[in-house]
Amino acid sequence: MIAGTPDAHPGLAGGPVYLDYNATTPVDPRVAEAMLPYLADFFGNPSSSHPFSQEPRRALAEARAQVANLIGARPDEVVFTGSGSEADLLALRGAILASGRPHPHVITQTTEHPAVLETCRALERLHGARVTVLPVNGDGLVEPAALAAALTKDTVLVSVMAANNETGVLQPITALTALAHEHGALFHCDAAQAVGKTPLDVGELGVDLLTTVGHKMYAPKGAAALFVRDGVRLEPVVYGGGQERGLRAGTENVALAVALGTAAQIAAAELANGGPARIAALRDDLHRRLAAALPGRLHLNGPDAQRLPNTLNVSIDGVLGHELLAACDQIAASTGSACHSGTHTPSPVLTAMGLAPARALGALRLSLGRWTRHEDIETAAAALIRAAAAG
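Residues numbered from 1 in each chain as written. Predicted model: local features only at pLDDT ≥ 70, side-chain atom pairs only at ≥ 80, totals over all residues. Heavy atoms only, no water.

### Points about the packing of helix α3 (residues 84-99) against helix α4 (residues 114-127)
Each packed pair of helices is defined by two parameters, the angle between the axes and the distance between the axes.
Inference 1: With their axes 9 Å apart at the nearest point, α3 and α4 run at an angle of 35 degrees to one another. Of the two possible hands of crossing, α3 and α4 adopt the one that is right-handed. Residue-level contacts link Ser85, Asp88, Leu89, Leu92, Arg93, Ile96 and Leu97 of α3 to Ala115, Val116, Thr119, Cys120, Leu123 and His127 of α4. (Axes fitted to C-alpha atoms, helices over the stretch in contact; angles between N-to-C directions. Helix = DSSP H or I, 4+ residues; strand = E, 2+ residues; numbered from the N terminus. Left-handed = near helix turned anticlockwise from the far one by under 90°. Contact = heavy atoms within 4.5 Å.)

### Digging into the side chain of Thr108
Inference 1: Along the polypeptide, Thr108 turns up in strand β3 (residues 105-109).
Inference 2: Of the residues examined, Thr108 reaches a relative accessible area of 0% and is grouped as buried.
Inference 3: A distance of 2.9 Å separates a polar side-chain atom of Thr108 from the backbone oxygen of Ser159.
Inference 4: Ignoring anything within four residues of it in the chain, the contact list for Thr108 reads Val116, Leu117, Cys120, Val131, Thr132, Val133, Leu134 and Ser159. (Buried < 20%, exposed > 50% of the residue type's maximum accessible area, 1.4 Å probe, protein only. Polar contact = N/O pair within 3.5 Å; in protein donor to acceptor, adjacent residues only side chain to side chain.)

### A closer look at the layout of surface pockets
A water-sized probe, rolled over the atoms, reveals where empty space remains.
Inference 1: Considered as a void within the structure, the largest pocket measures approximately 500 Å³ in volume.
Inference 2: As for the largest pocket, its lining consists of 31 residues, and the residues nearest its centre are Thr5, Ile266, Ala267, Glu270 and Arg370.
Inference 3: Those elements that place two or more of their residues in the lining of the largest pocket are α8 (254-272) and α9 (275-293).
Inference 4: A total of five residues in the lining of the largest pocket trace back to one element, the largest contributor, which is α8.
Inference 5: Taken together, the residues that form the lining of the largest pocket break down as 14 nonpolar, ten polar and seven charged. (1 Å grid on protein atoms, 1.4 Å probe; cavity = no way out; pocket = protein on both sides within 12 Å on 5 of 7 lines; lining within 4 Å. Points joined across faces, edges and corners; volume = space filled by probe spheres on them. Nonpolar A, V, L, I, M, F, W, Y, C, P; charged D, E, K, R; others polar.)

In structure tokens:
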């Protein structure tokens, strides 16, 4: 049994208001406590046969079951990996190589995470794959009709994320999966941003492969998992001793698996107890405060409804996002721009949605989380309003 959420997090004390939960989350103290014994006391190799292996083996199985429960999978369908990027690589490269086709076809979409887009480029370069990158509409959504038009008899895999990391838009995964399956293609979903924030069930979604990332849901970096539906064949990402169903060899990191499992258990409890609704209310309060103080200047990027409960992406006319945040030392948040040699370029996600460069450069990504409180919203809103007025 896991105790209730601590009122405060030691890593957030005394610092600016943290509104960058989509980048990474602080490790929940309950998660840290659960993993510590497996860094010291229970050090055995879970694959060994002597008594020192028994507790690590049991803990590994429990963690697998906890992750499976959160996403509606079977425990033996969960493969632990070292990161979300590795899980995406295993899914995409694994499916393409296992297909045995000389020129396999892969479909993704333009606002995917680089872990997927760069893997697709590597598949083109190294394995002769043909890649189709679908556009998105003004809300950042993939239109099912666009996927239907792109599917061919050679399509091996479709990969579309559950939720965008910048705008929080939730893609119509169930409809997209059904179309892929009609053409005999597998469907992979990078759900790094969505798992733990909104209910997800792999059975209801119909996906064949799904990526879960620990540091997006209060576990340490280096803990992730790939759901691999029973019967789906993949080429391993690491060869060796046969761990993780033979897909990812190497002695398992039991401590990180326990951390991910514990984080999944806590997330499942919070989903059941209305946690997302509390965070959505805070997000909407922040949006209302900004809109009231900046009439005509504030613009929501992405849909109002079909998005993650914790994510607010807005642009403010007349300011640059990175300059605004630099002037707000009371806030830790992100913009949609990227800095290259001192020059900021608009977010590819926002430009793919059709936003003008000036609006994209004025964007702020404000993402809330488990330790966001009402007083944080008051502080953040006041600071942003002051900085926008000065700008």
